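Commentary on secondary and tertiary structure
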Amino acid sequence: QITRISSTLKDLVNFARPSSAQCEALDMNALVDETLRLVAYDKRFKGISLERELAPELEPAFADKNEIQQLLLNLLFNAADAIPGEGGTVRVVTANHAPSQNSERVRKGTIQVIDDGIGIPAEHLERVFDPFFTTKSAGSGVGLGLSICQRIILANHGSIRVESESGRGTAVTICLPVPD
């Protein structure tokens, strides 16, 4: 219980702390590899296949490495928690994203974390970034993970999008600016 309380307090502090991202050119493929190595032996990933689809010649993003790694860890742990039992898959996909002609002016790099877990009911999708909103059972989370992810991505001048369907898994896409 003390470990759970400590973790909750840490999440609260991270959520409340104003962020001043230390942005630099970031090799997103290397960061994905490093982060997947960190989680590979975590008990939450027992029986779950971790797959990566890394874009060759991925342009570096302009972001804070430590914050983006924390964001990836949160997304990967959420994905693992969404897979009941063993036998599921979590994929991490990177890509270059060219700006569309009408709405975007900045080139971006994307990272997607995709799971084949239980998914998020449509009525909850609007609230996934709300602080303290969770669909997990009591004691399994306090609902700050995606709120912290959103704060991190906004501090790094990026965007985050969640797509999901009950029973069909979830895809979280983060976009980060690419320096000119």
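What comes next concerns the included structure. (Residues numbered from 1 in each chain as written. Predicted model: local features only at pLDDT ≥ 70, side-chain atom pairs only at ≥ 80, totals over all residues. Heavy atoms only, no water.)

**A closer look at unusual backbone geometry**
- Its identity as a non-glycine residue notwithstanding, Glu57 has a phi of 60°, on the positive side.
- The topology assignment puts Glu57 in the loop between β2 (49-53) and β3 (61-63).
- For Glu57, a relative accessible area of 76% translates into the label exposed.
- Phi at His157 takes a positive value of approximately 60°, unusual for a residue other than glycine. (Helix = DSSP H or I, 4+ residues; strand = E, 2+ residues; numbered from the N terminus. Buried < 20%, exposed > 50% of the residue type's maximum accessible area, 1.4 Å probe, protein only.)

**Topic: the pattern of salt bridges**
- On inspection of all chains with the given rule, the structure shows 8 salt bridges.
- Between Arg52 and Asp33 there is a salt bridge; the shortest N-O distance is 2.4 Å. With Arg52 in strand β2 and Asp33 in helix α2 (residues 28-39), the pair connects residues that are 19 residues apart, well separated along the chain.
- Note that Asp42 and Arg44 form a salt bridge whose closest N and O atoms lie 3.0 Å from each other.
- Using a relative accessible area of 21% as the deciding quantity, one classes Asp42 as partly exposed.
- Note on Arg44: relative accessible area 36%, which makes it partly exposed. (Salt bridge = Lys/Arg side-chain N within 4 Å of Asp/Glu carboxyl O.)

**Here we look at the sheet that holds strand β4 (residues 89-97)**
- One open sheet accounts for 5 strands, arranged β2-β4-β5-β7-β6; its pairing is mixed. If you trace the sheet from one side to the other, it starts and ends with β2 and β6 (159-165), each paired once. The mean angle between the axes of side-by-side strands here comes to 15°, regardless of whether they run parallel or antiparallel.
- Packed on one face of the sheet, helix α3 (residues 65-81) meets β4, β5 (108-115) and β7 (169-177) and runs near 25° to β5.
- Packed on one face of the sheet, helix α5 (residues 145-155) meets β6 and β7 and runs near 145° to β6. (Pairing = 2+ DSSP bridges. Axes fitted to C-alpha atoms, helices over the stretch in contact; angles between N-to-C directions. Contact = heavy atoms within 4.5 Å.)

**Here's the deal with α5**
- Listing the buried residues of α5 in full gives Leu146, Ser147, Ile148, Cys149, Arg151, Ile152 and Ile153.
- One or two positions beyond α5, positive phi appears at His157, with a value near 60°.

**Remarks on the nonpolar core**
- Counting 38 residues, the largest nonpolar core has Ile68, Leu75, Leu76 and Val113 as the members making the most contacts within it.
- Secondary structure elements with two or more residues in this core: α2, β3, α3, β4, β5, α5, β6 and β7.
- Counting residues per element, this core draws most heavily on α3, which supplies 8 residues. (Core = buried A, V, L, I, M, F, W, Y, C linked by side-chain atoms within 4.5 Å.)

**Section: the environment of Ala171**
- Mapped onto the secondary structure, Ala171 falls in strand β7.
- Separated by 59 residues in sequence, Ala171 and Gln112 place their C-alpha atoms 6.5 Å apart.
- Aside from chain neighbours lying at most four places away, what touches Ala171 is Gln112, Val113, Ile114, Arg161, Val162 and Glu163.

**Regarding the pairing of β4**
- Bridge analysis of β2 against β4 gives 5 bridges, and the strand direction is parallel. Among the inter-strand pairings, Ser49 is bridged to a residue of β4, identified as Thr89.
- Bridge count for β4 against β5 is 8 bridges, and the pairing is antiparallel. The residue of β5 that forms the bridge with Thr94 is Ile111.

**Considering the environment of Glu24**
- Its location among the elements puts Glu24 in strand β1 (residues 24-26).
- Leave out the neighbours within four places in its chain, and Glu24 touches Ala61, Phe62, Ala63 and Lys65.

**So, the packing of aromatic side chains**
- Using the criterion set out here, one finds 1 aromatic pair in the structure.
- Summarising the aromatic geometry, the rings of Phe45 and Phe77 are spaced 6.1 Å apart at their centres and angled 45° between planes, so their arrangement reads as tilted. With Phe45 in the loop between α2 and β2 and Phe77 in helix α3, the pair connects residues that are 32 residues apart, well separated along the chain.
- Phe77 gets classed as buried once you look at its relative accessible area, which sits at 18%.
- Positioned over the ring face of Phe77 is Arg44, at 3.7 Å from the centre of the ring. (Phe/Tyr/Trp six-rings, centres within 6.5 Å; stacked < 30°, edge-to-face > 60°. Lys NZ or Arg CZ within 6 Å of the ring centre and 35° of its normal.)

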